[in-house]
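One-letter residues, chain by chain:
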Amino acid sequence: MDVAKKSPVLSGRLKARAAFSVNPIRTIEPKAKAPPALQSNVVSVDGMWRIENYVANHSVLIDKADMKSIVYIFKCIESTITVGGKVTAIIIDNCKKCVIVMDTVIGFVEVLNSQTIKTHIQKQGIVSNITVDNTDGCCMELSPLSLGVQVITSRATDMVVVFPRGNGEFARKLIPDQFRTVISQDMLLVTTYCPK
């Protein structure tokens, strides 16, 4: 006969002990399934080119863009993306370790929420405005025709601009955060305060 059934005091102690004890039988929960891999694609809708989710692809090419096109590059990792021809704007958002090669951008190049981005403007290409916001590591290589570009930075670290000198050599300058930096035609770096 069970002693706990006869004694209400002993029965209460066993129930209390069972309530506070760790369950010796462990249940194994199934592991959560990994999220499905996002599909990488290049889509053009009404003049907006969307380049998304490329990983370790060094041959992404946009060569049919025109002057009315905006190129939006999103969540690409360790990829090289080439944008040929003239476009209105290029927006680089949430990318890591990417190289963006471009010809001419009429409006602006904007780098947002990214890490280790390298923008390279082709020898005959022109860019007049570059904005870098909330980015860690951005190297901007300018063409001779892009001297005079305005670079606006906010909440960004480790920013470098590389531009050609007249003798075939390249100058490498760091860009401060929270400033508007203009690379002038005589290759001097002019920085002025840009209020928030």
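Use the structure listed above.
Residues numbered from 1 in each chain as written. Predicted model: local features only at pLDDT ≥ 70, side-chain atom pairs only at ≥ 80, totals over all residues. Heavy atoms only, no water.

**Let's talk about unusual backbone geometry**
- Phi angles above zero are rare outside glycine, and D46 is one such case at about 50°.
- Residue placement: D46 occurs in the loop between β1 (41-45) and β2 (48-52).
- Of the residues examined, D46 reaches a relative accessible area of 79% and is grouped as exposed. (Helix = DSSP H or I, 4+ residues; strand = E, 2+ residues; numbered from the N terminus. Buried < 20%, exposed > 50% of the residue type's maximum accessible area, 1.4 Å probe, protein only.)

**As for the nonpolar core**
- If you look at the biggest cluster of nonpolar residues, it comprises 39 residues, and the most contacted ones within it are I51, I73, I90, I92 and I130.
- For this core, the element with the most residues is strand β6 (residues 96-112), which contributes six residues.
- The residues contacting I92, other than those within four sequence positions of it, are I73, I100, V109, E110, V111, L112, S114, I117 and T119. (Core = buried A, V, L, I, M, F, W, Y, C linked by side-chain atoms within 4.5 Å. Contact = heavy atoms within 4.5 Å.)

**Focus on the packing of aromatic side chains**
- Per the stated rule, a full pass over the model turns up one aromatic pair.
- With 5.9 Å between their ring centres and 15° between their planes, Y72 and F74 make a pair best called stacked.
- Take Y72: its relative accessible area is 15%, and that puts it in the buried class. (Phe/Tyr/Trp six-rings, centres within 6.5 Å; stacked < 30°, edge-to-face > 60°.)

**Observations concerning the pairing of strand β12 (residues 170-175)**
- When strand β11 (residues 157-164) meets β12, the two strands line up antiparallel, connected through six bridges. Bridge pairing in β12 links V161 to K173.
- The hairpin turn running from β11 into β12, its antiparallel successor, is five residues long, and G168 in that turn takes a positive phi close to 90°. (Pairing = 2+ DSSP bridges.)

**Structural notes on the pattern of salt bridges**
- For the structure shown, the criterion picks out three salt bridges.
- The closest approach of N and O atoms between R155 and D133, which form a salt bridge, is 3.3 Å. Of the two residues, R155 sits in the loop between β10 (150-154) and β11 while D133 sits in strand β8 (residues 129-133), which places them 22 residues apart along the sequence.
- Looking at R155, the relative accessible area reads 51%, which means it is exposed. (Salt bridge = Lys/Arg side-chain N within 4 Å of Asp/Glu carboxyl O.)

**Here we look at the environment of I130**
- When you line up the elements, I130 lands in strand β8.
- We classify I130 as buried; its relative accessible area is 4%.
- Separated by ten residues in the primary sequence, I130 and M140 have C-alpha atoms spaced 9.0 Å apart.
- Residues in contact with I130, not counting those within four places in the same chain, are V109, M140, L142, V149, Q150, V151 and I152.

**Observations regarding the layout of surface pockets**
- Each pocket or cavity is described by its volume, and for the largest pocket that value is around 160 Å³.
- Lining of the largest pocket is provided by 13 residues; of these, L142, S143, P144, P164 and F170 occupy positions nearest its centre.
- Tallied by class, the residues present in the lining of the largest pocket amount to five nonpolar, four polar and four charged. (1 Å grid on protein atoms, 1.4 Å probe; cavity = no way out; pocket = protein on both sides within 12 Å on 5 of 7 lines; lining within 4 Å. Points joined across faces, edges and corners; volume = space filled by probe spheres on them. Nonpolar A, V, L, I, M, F, W, Y, C, P; charged D, E, K, R; others polar.)

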